[in-house]
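In case you want the letters, here they are:
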Amino acid sequence: MQGVNVLRLILPAVAGLSAALIAYGAAYVRGDLGGVMQYLRARGALRRLEASGAGQEQLASARTALRELGQQVGDPALAARLWPLELLVGLLIAVLVWRLFARQLSTGPRPDIQERMVERLAHRLGGRFTLADLNRSSPLSDEQARAVTARLLEQGRLTRSGDTFELVIHRVRGGQPTS
């Protein structure tokens, strides 16, 4: 349970910081994705020029053009002025992730998921399994495994003979087995 609490703190923090950085990046380029792509293409062209062994004059003019394009696309002053907004976006995302994570923890394990997990294990094991097989091959605790098998027995989806459980296969009109 300690690991869950650590994750519950780290996950929203990482999501919030990531959202704040993305907002900062969007403000830095004023939302001009086309300008960013143009800058990246120009930078790639400069690298290809350097790799081809172009002359110093040609490289200097390409570097100057790249620098000017970068100044047209990027606006660090705007991004710095919008820090409160960027941090607010990050905080909102962190709160949303925190609440989503808290809701998942409060609802607890869903019985239908556990039942499907047991049925899939039964199918993998040829339709028959024991509680020892279930404990070894699933994340269910012994108590959860007993509760799930009891529910499946009540619903008629499993039968029991001694320690072995067997999946009950129902036939439908098309002759295809379902569980």
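Look up a bit, the structure's there.
None of the values given here were measured: they were computed from a predicted structure.

What counts, and at which threshold
- Residues take numbers from 1 onward in each chain, read along the sequence in its written order.
- Reporting of local features is limited, given that this is a predicted model, to residues whose pLDDT is at least 70; pairs of side-chain atoms are given and counted only at 80 or more, and all residues count toward the totals for whole chains, interfaces and linings.
- Derived side-chain values reflect all non-hydrogen atoms in the structure, with water molecules and hydrogen atoms excluded from consideration.
- What counts as a helix is a DSSP run of H or I of at least four residues, what counts as a strand is a run of E of at least two, and both are numbered from the N terminus.
- Here the expected span of a helix is defined as 1.5 Å times the quantity of residues minus one.
- Buried, partly exposed and exposed residues are distinguished by accessible area as a fraction of the type maximum, computed with a 1.4 Å probe on protein chains only: under 20%, between the cut-offs, and over 50%, respectively.
- The arc in question is traced by the directions running from the helix axis to the C-beta atoms.
- Residues form patches when they are more than 30% accessible in relative terms and have no salt bridge. Like charges link within 9 Å. Nonpolar side chains (Val, Leu, Ile, Met, Phe, Trp, Tyr) link within 5 Å.
- Accessibility throughout is a Shrake-Rupley quantity obtained with a 1.4 Å probe, and a residue counts as covered only by protein chains that appear here.
- The salt bridge definition used is simple: a Lys or Arg side-chain nitrogen within 4 Å of an Asp or Glu carboxyl oxygen.
- What makes a nonpolar core is a set of buried Ala, Val, Leu, Ile, Met, Phe, Trp, Tyr and Cys residues whose side-chain atoms join them at distances within 4.5 Å.
- Contacts between residues were defined by any pair of non-hydrogen atoms, one from each residue, lying within 4.5 Å.

Undergrad: Before we go on, may I ask you to explain helix α2 (residues 33-52) in this structure?
TA: Along an α-helix, residues three or four positions apart point the same way, because every turn accommodates 3.6 residues. Spanning 20 residues, α2 covers 29 Å between terminal C-alpha atoms, matching the ideal 28 Å at 1.5 Å per step. The first or second residue beyond α2 is G53, which carries a positive phi of 80°.

Undergrad: Sorry if this is basic, but what is going on with helix α8 (residues 142-154) here?
TA: Taking 1.5 Å of rise per residue, 13 residues should cover 18 Å, and α8 covers 18 Å from first to last C-alpha, within 8% of that figure. Buried within α8 are the following residues: A145, V148, T149 and L152. In a view along the axis of α8, the buried residues occupy a sector of 95°, so they form one face of it. Turned more than 90 degrees off the buried face of α8, the exposed positions are E143 and E154.

Undergrad: Just checking my understanding: could you explain a nonpolar patch on the surface for this structure?
TA: Judged by side-chain polarity, L85, L88, V89, L91, L92, I93, V95 and L96 come together as a nonpolar surface patch covering roughly 690 Å² of accessible area. With respect to the secondary-structure elements, L91 resides in helix α5 (residues 83-107). Under the relative-accessibility criterion, L91 is labelled exposed at 52%.

Undergrad: Looking at this structure, how should I read the nonpolar core?
TA: Soluble globular proteins tend to bury their nonpolar side chains together. Counting residues in hydrophobic clusters, the biggest one holds 13 residues, and the most contacted among them are V118, F129, L134 and L158. For this core, the elements supplying multiple residues, two or more each, are α6 (111-124), α7 (131-137), α8 and β3 (164-167). Here V118 is in contact with F129, L134, L140, V148 and L152, once residues within four sequence places are set aside.

Coordinates in, geometry out; function isn't part of it.
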